[in-house]
Amino acid sequence: MAASGPVRQARKSLIWLGVVIVALAATLGGGILWGGASATPKLALDLQGGTEIVLAAETEDGSDPSADQMKQAQSIMRQRVDAGGVSEAEITTQGGRNIVISLPGDPTDEQLQRIRSSAKLEFRRVWRSAAATSTTPTTPGVTEKLPTLDGEDPTENAARTKASNDIISQFDAYSCVVPADGSTPENGDDAASQQQYKMADPVPNRASVDADGTSVNSADLPKIACSANGEKLLLAPVDRQDDKADGALLDGEQLSDAKAGQQAGQNGTVTNNWVVNIEFNDVGTDMFHKVTSDLTSQTEPANRFAVVLDGQVIVAPTSNAIITDGRAQISGQFTQESSQTLADQLKYGALPISFDVQSQNKITPTLGSQQLVYGLIAGAIGLLAVVVYSLFQYRALGLVTIVSLVLASGITYLLVTLMSWTEGYRLSLAGIAGLIVAIGITADSFIVYFERIRDELRDGSTLIPAVEVGWKRALRTILASDMVNFLAAVVLYVLAVGGVQGFAFTLGLTTIVDLVVVMLFTHPMMQLLATTRFFGEGHHFSGLNPQMLGNAYRGRLNLDFAARAAESAEPGSRKAKKSRRAAGEAERRLTIAERKARAAGFEPHPHDGVDSAEAASTNDAQKGAAQTDSAADEKKGEQR
């Protein structure tokens, strides 16, 4: 016999749910075997501990930074940490000049560099180039000329010229590699092999330079810097808009966006080379257009411009075309992680003040593993309470609730673990609280659905149509309830930080899982169970027995049936009590029209005003009830 439409649809839904679960499990399994994933979610700072970094603000005159500067720096640090995939981090200010960043677990080198960096981005023209450690004298280029700034004070111009000459004079003797301890490089192969080296600081390496008592902005001075590929460069001052002393600088402030991506080939195909695509604002577009127009006509190295980040040359490409639309691409020896790190640093801008790392220490969990155990115990108690209630209230039907909760818990666990691996999500105690609250939310959806089915059975419907009609009525309520929960979770996540965000995230995630489970498992399972004899015929332990649910009301035409049954039963007997409850239920279910008709004394014949199908249904119901009563009477030896 071919399966009915609802049964076929139920089977399809269960298959899709199985596919989803298998896909999640297979992805996590592949990550564990080959991708460095873990079978358990990562824990947050309050449960695992992590790393604490203290950053101290540095100003030019040594004074304390303003409250607005510290607030802005804290906000930028928060953006950098979040962009690096680190959740549940704590970022606070300490005193008037310190920012304390607490990261859960062991942060990677890229994440630490993202935090330490000030992300000061500049675009500078190249004047000279040489090998990293070369001391061979170089010749000034044809474009090596300090630009004249309109509106600059003569004293300031003289100081800028003097400071520029001092920087240029250091270029030939400058080496990109210096001993790490600051000592003089040792001679001899054996001595050199024992000495540790590091990248030299750029010249100048501060935001301003003092020349004869006059402070000169370093952006208006040449810079000696090194590139990652072993090249030292003498760079021109940063271009100013319209060559004005107070004009805008061609730096990170003129960027409107920065994104990491894979470079496209000449034929439009995507290559494996990672790049950073940058886009200038209107001011930056005009300035970059002028720069590329000047450089394209020059020869090496004057046809190059350098992208300088925190004093280090990230890349110094040749200008091969005039860029008029303000869209450029930074390419180099980038990986996916390094290109994303650079894009995030550029996108979130430079810090308003510079910071120095004061300390970096390991910290212990603020709550510890014992609190995690308590949280898990609380969740187990809540789950057990729901199980006991479901079995007591719904009997065998409660097993559907239990299996649904198990599936929802399993899917949630897989999603949280996958997000710990791919997105850096970490589970905090607040997040565990969200999971515990979700047990009640999920169980509530099942209860709403089961009660709608029971309502249909009380109205005289059989189980199969009761499941379909009850689902249509329950779905509206479930969607409305889950939508409210999800909106609350979104608002909390957007407006809050730290632990509250963790609670909001798990609450929103489990709300979505609840909808998936109730639509792809609970309802399809009820469609299949309705076709079984145990549930379809209303077994005593099925939880869907019409007589136990008070199936007495089938409209005003049969209202007196329950009342007559109550009068004929022996006073005080179980049958009399049950009949009185059924009569009360029928009384409560009267419509307004039926109440008015009864008040007017209208008592029609059971077959008046109804079609034959309804009459037949009424008679069948009466016969079934009468037979039930007769069987009960025979057991007591009574004769009706």
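Before reading further, recall that the structure is shown in the block above.
Conventions used here
- Residues numbered from 1 in each chain as written.
- Predicted model: local features only at pLDDT ≥ 70, side-chain atom pairs only at ≥ 80, totals over all residues.
- Heavy atoms only, no water.
- Helix = DSSP H or I, 4+ residues; strand = E, 2+ residues; numbered from the N terminus.
- Contact = heavy atoms within 4.5 Å.
- Areas by Shrake-Rupley, 256 points an atom, 1.4 Å probe, with all protein chains shown as cover.
- Salt bridge = Lys/Arg side-chain N within 4 Å of Asp/Glu carboxyl O.
- Disulfide = S-S within 2.5 Å.
- Buried < 20%, exposed > 50% of the residue type's maximum accessible area, 1.4 Å probe, protein only.

Let us now look at the overall build of the chain. Secondary structure summary: the chain contains 18 helices and 18 strands in total. Taking as baseline every contact in the chain between residues at least 6 positions apart, the subset at least 24 positions apart corresponds to 72%. Put simply, the chain shows about 33,200 Å² of open surface, and 55% of that area lies on carbon and sulfur atoms.

Below, the discussion takes up the environment of Ile168. By secondary structure assignment, the location of Ile168 is in helix H5 (residues 154–169). Excluding residues that lie within four positions of it along the chain, Ile168 makes contacts with Trp127, Arg128, Glu144, Pro222 and Leu234.

Among the structural elements, Ser339 can be located in helix H8 (residues 336–347). Not counting the four nearest positions on each side in its chain, Ser339 is found in contact with Ala260, Trp274, Val275, Val276 and Phe334.

A pair can form between side chains of opposite charge whenever their charged atoms are brought close. Counted under the stated rule, the structure contains 16 salt bridges. The shortest N-O distance in the salt bridge between Arg533 and Glu537 comes to 3.3 Å. Each of Arg125, Asp239, Lys290 and Asp294 takes part in salt bridges that share partners, so that together they form one network.

Note on terminology: a disulfide is the covalent bond linking the sulfur atoms of two cysteines. Applying the stated criterion across every chain, the model contains one disulfide. Paired through a disulfide, Cys176 and Cys226 show a sulfur-sulfur distance of 1.9 Å. Disulfide Cys176-Cys226: the torsion about the S-S bond is -95°, which places it as left-handed. One end of the pair, Cys176, is in the loop between H5 and strand S6 (177–179); the other, Cys226, is in strand S10 (residues 223–227), and 50 residues separate them in sequence. Of the two residues, Cys176 and Cys226, neither departs from the other in class, the shared state being buried.

Further remarks concern the environment of Leu507. Among the structural elements, Leu507 can be located in helix H13 (residues 499–529). With a relative accessible area of 8%, Leu507 lands in the buried category. Ignoring any residue separated from it by four or fewer positions in sequence, one finds Leu507 in contact with Val437, Ile441, Asn485 and Ala489.

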